[in-house]
Amino acid sequence: MEKVLNWGLLSTARINRALIKPLRASKRTRLLGAASRSQTTADAYAREWDIPRAYGSYEAMLADPEIDVVYISLPNHLHAEWTIKALHAGKHVLCEKPLALNTKEVDAIITAAKETGKVVAEAFMYRHHAQTLKVKELVDNGAIGQLQLIKGAFTFMLKREGDIRMVKEFGGGSIWDVGCYPISYARTIVGAEPTELFGWQVSGPDGSDESFYGQMRFGNGVHMQFDSGFKTPSRSYIEIVGTDGTIQIPDPFKPGLKNEIYLTKDDTRETLKIKAQELYLGEVEDMCDAISVGQPTRISLADSRANVAVILALLASAETGKSTHLGDFV
């Protein structure tokens, strides 16, 4: 029988709530522990969520030989550091996006994964959802002809003062937080990397972007336009344009159990209904497949590295006011 994998939550971040349910729904996983920077906080969190073990430090969790997999939901600037520490402690790692804030950090993670033989994956949950897989299938099978353009947005109003997502030194800014989604989506659909990029940003008080507006040109002639932001009403969509039609995805990044996408050809719109499992369950099962049966993770470390490089190229463009080329950042 396949071993049940014991998971630990490294931090008590709000996003953990999204993973607790699927960890309990899967027959291959057990949520065993949660770690905080203080024992008091860890104990309270473990009681609230009925988690058997509470660790008063991250190191204490990594020292527990019964923890097999660690989910890292720390602030962005700590992702690489604790991913590497967890790997060297003998743990597999599912790390929240972005996996790291520069390609050197991703390379260090890749090296640690090779040295330890452990599995690492970035937690882009939408990539495992049936809706995303269906859209990719439609495009690859020529449902809208030759791909020409992808447009997308992910914005919301961030009203809380001092929110860590706006602190530049901690990897703050809308492009790292939500802009990474339309970027990742476009790269996934095209199946290639952009060659030329251009970006503009509206900066907050500490220099991180409150809003970001980006363009990407792929070598096969496909273009992509997106915006992300913390000072704009909630918007989330992807539109894919081909020579013969379009696909509209109203909820691309957080699809649910029942969703609709719209395929338009010859002025006729067809509604495609998508039924799927709980959003975050896919990344949990993907980790189980990789650990237990050696199946490659859907999101490879090379894929994660490329997404980081694209974001860095766009940020550099916004800083210089000139277009950039991805080859200078990979």
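The following paragraphs examine the structure supplied in this document. Here the structure is a predicted model, which is why all the values come from computation and not from measurement. (Residues numbered from 1 in each chain as written. Predicted model: local features only at pLDDT ≥ 70, side-chain atom pairs only at ≥ 80, totals over all residues. Heavy atoms only, no water.)

Details of the pattern of salt bridges
Overall, the coordinates contain 19 salt bridges when judged by the stated rule. The salt bridge involving Arg28 is made with Asp289; its shortest N-O contact spans 2.9 Å. Taken as a pair, Arg28 in the loop between α1 (16-25) and β2 (29-35) and Asp289 in helix α8 (residues 281-293) lie far apart in primary sequence, 261 residues in all. What makes Arg28 buried here is its relative accessible area of 18%. For Arg160, the salt bridge goes to Asp163, with nearest N and O atoms at 2.8 Å. For Arg160, a relative accessible area of 59% puts it in the exposed group. Connected via shared salt-bridge partners are Glu2, Arg28, Glu285 and Asp289. (Salt bridge = Lys/Arg side-chain N within 4 Å of Asp/Glu carboxyl O. Helix = DSSP H or I, 4+ residues; strand = E, 2+ residues; numbered from the N terminus. Buried < 20%, exposed > 50% of the residue type's maximum accessible area, 1.4 Å probe, protein only.)

Let's talk about the packing of helix α6 (residues 130-140) against helix α7 (residues 174-190)
Relative placement of two packed helices is described by the angle separating their axes and the distance separating the axes. Relative orientation of the contacting elements α6 and α7 amounts to 40°, with a least axis distance of 9 Å. Classified by the angle between their axes, α6 and α7 sit oblique to one another. Here α6 contributes Thr132, Val135, Lys136, Val139 and Asp140 to the contact with α7, which in turn contributes Tyr185, Thr188, Ile189 and Val190. Per-class residue counts for the contact of α6 with α7 are 5 nonpolar, 2 polar and 2 charged. (Axes fitted to C-alpha atoms, helices over the stretch in contact; angles between N-to-C directions. Parallel < 35°, antiparallel > 145°, perpendicular 65-115°, else oblique. Contact = heavy atoms within 4.5 Å. Nonpolar A, V, L, I, M, F, W, Y, C, P; charged D, E, K, R; others polar.)

Describing unusual backbone geometry
Residue Lys97 is joined to Pro98 through a cis peptide bond whose omega torsion reads -15°. In this structure, Asp50 takes a positive phi of about 55° despite not being glycine. Within the element layout of this structure, Asp50 appears in the loop between α2 (39-49) and β3 (53-55). Residues other than glycine seldom take positive phi values, yet Asp267 does so here, at roughly 65°.

Brief notes about the sheet that holds strand β1 (residues 5-10)
Strands sit in the order β3-β2-β1-β4-β5-β6 across an open sheet of 6 strands; the sheet is parallel. Since the sheet does not close on itself, it has two edges, and those belong to β3 and β6 (120-123), each with one partner. The average undirected angle you get between the axes of adjacent strands in this sheet is 25°. Note: strand β5 (residues 92-96) against β6, 4 bridges, orientation parallel. The residue bridging Leu94 from the neighbouring strand is Ala121, located in β6. (Pairing = 2+ DSSP bridges.)

Examining the packing of aromatic side chains
Evaluated as defined, the whole model comprises 14 aromatic pairs. On the numbers, 5.0 Å between centres and 15° between planes, the contact of Phe154 with Phe253 is stacked. Taken together, the positions of Phe154 in strand β7 (residues 147-157) and Phe253 in the loop between β12 (246-249) and β13 (258-265) put the pair 99 residues apart, joining distant regions of the chain. Residue classification places Phe154 among the buried residues on the basis of a relative accessible area of 11%. Ring geometry for Tyr185 and Phe253: centres 6.1 Å apart, planes at 80°, overall edge-to-face. Linking Tyr185 in helix α7 with Phe253 in the loop between β12 and β13, this pair joins segments that are 68 residues apart in sequence. Here Tyr185 and Phe253 have matching classes, each one buried. Three or more aromatic residues joined by ring pairs make a cluster, and in this case those are Phe124, Tyr126, Phe154, Tyr181, Tyr185 and Phe253. Positioned above the aromatic ring of Trp82 is the side chain of Lys85, whose terminal nitrogen or guanidinium carbon lies 4.1 Å from the ring centre. In this structure, Arg269 packs its charged tip against the face of Tyr262, placed 4.0 Å from the ring centre. (Phe/Tyr/Trp six-rings, centres within 6.5 Å; stacked < 30°, edge-to-face > 60°. Lys NZ or Arg CZ within 6 Å of the ring centre and 35° of its normal.)

The analysis is restricted to geometry; functional conclusions fall outside its scope.
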